[in-house]
Structures are given as structure tokens and as C-alpha cells.
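Letter by letter, the chains look like this.
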Amino acid sequence: AARCRHELGAVFALSSYLCDDSLVYDMLERKSCSSAKDDGVGSGQGKEEVFCGSDGDGGFVPALLTSPVFMAHGDDDDFVLTKWGEGTADRLKDLGVNIVPQPFLRIPDMHHEMTREELRLLFDFLMLNVF
């Protein structure tokens, strides 16, 4: 989703993280220096995002900045530590990514696995944003 040039309805990451030096962060830092132009009505409608990427890519806006991102993680994951996933979610949010739900979703008593509860929450998210 970071390099995707197509519109996406949603993005999800389960028990996932990005390394601190991930190129995704660098790309989002170049892209997320946006400013809003208001149409003067004061309603908040008519706002236009202006992206100021300087990498010569013709104004490409990654799907991570235009799609909701569902992130969930097991509280007892000892393979991909929960704090890594949470740190990724926080950093992505700071760079303009719409992480849902807020705050980062920690699933109690879940290890590095998928559970019915996590899948139900993911399916609800997809139904709301894609279908």
C-alpha cells in the first residue's frame, strides 16, 4: 500500500510492524507535508490536499495516505512484540495514515495467531470500508 498507485478501499495489518529504518517512513515523510486549502465557507467542505513531495514522481499519493488502515495485535504475541506493532501504528499515524480503530487494537490473551474475535473485527472493518 505504501507504493500502490491505485485507489484502495482499505488496508490491514495483523500482528505486523515496520523496522525503524523502513523506507515506508521516508516515503511518507516526503508525501505527508500536506496543507489544506479551504473554500472559505468555513464548513470544512471543499478542502483540497496539496502534497509537496520532492521526489519527482508527478504528485503520486500512496494508498497509505488515502485509505483507512486496520491494525490489530495480540497482547501476548512473543514472536512479533506488541510494542513493535504499536510503535509502527503510532509512527504511521504521526505521518498522516488513518489508523483504525483508535487507539491501536490490542487483543487480550492472543499470541501470534488469528482468532475469531480478530477476524470478526477485521471483517466488520472491511464491510464498512470496502463493500
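For the structure, check the block above.
Participant: I'd like a rundown of the overall build of the protein chain, residues and numbers included.
Facilitator: A tally of regular secondary structure across the protein chain gives three helices and five strands. The linear arrangement of helices and strands in the protein chain, starting from the amino end, is β-α-β-β-β-α-β-α. Relative to its 131 residues, the protein chain shows a buried fraction of 34%. A sequence separation of at least 24 residues applies to 73% of the contacts in the protein chain between residues at least 6 apart. Approximately 8,100 Å² of the protein chain is accessible, and the part contributed by carbon and sulfur atoms is 53%.

Participant: Give me the nonpolar core: which residues, what numbers.
Facilitator: Counting residues in each nonpolar core, the largest one holds 18 residues, and the members touching the most others are Leu 28, Leu 64, Val 69, Met 71, Leu 92, Val 97 and Ile 99. Breaking this core down by element, the ones donating at least two residues are strand E1 (11–14), helix H1 (23–31), strand E4 (68–74), helix H2 (82–94) and strand E5 (98–107). When residues in this core are grouped by element, the largest group, four residues, is from H1. Phe 70, Ala 72, Met 110 and Phe 125 belong to the second-largest nonpolar core, a separate cluster that totals 10 residues.

Participant: Go over the sheet that holds E1, please, and point to the residues and values.
Facilitator: Taking strand neighbours across the sheet as the criterion, the three strands line up as E1-E4-E5 in an open arrangement whose pairing is parallel. A single partner strand is all that each edge strand has here, and the edge strands are E1 and E5. With direction set aside, neighbouring strand axes in the sheet form an average angle of 10°. Packing of H2 onto the sheet brings it into contact with E4 and E5, and relative to E5 it is tilted by some 165°. Against the sheet, helix H3 (residues 116–129) makes contact with E1, E4 and E5, and its axis sits at roughly 175° relative to E4, the strand it touches most.

Calculation notes
- Residues numbered from 1 in each chain as written.
- Predicted model: local features only at pLDDT ≥ 70, side-chain atom pairs only at ≥ 80, totals over all residues.
- Heavy atoms only, no water.
- Helix = DSSP H or I, 4+ residues; strand = E, 2+ residues; numbered from the N terminus.
- Buried < 20%, exposed > 50% of the residue type's maximum accessible area, 1.4 Å probe, protein only.
- Contact = heavy atoms within 4.5 Å.
- Areas by Shrake-Rupley, 256 points an atom, 1.4 Å probe, with all protein chains shown as cover.
- Core = buried A, V, L, I, M, F, W, Y, C linked by side-chain atoms within 4.5 Å.
- Pairing = 2+ DSSP bridges.
- Axes fitted to C-alpha atoms, helices over the stretch in contact; angles between N-to-C directions.

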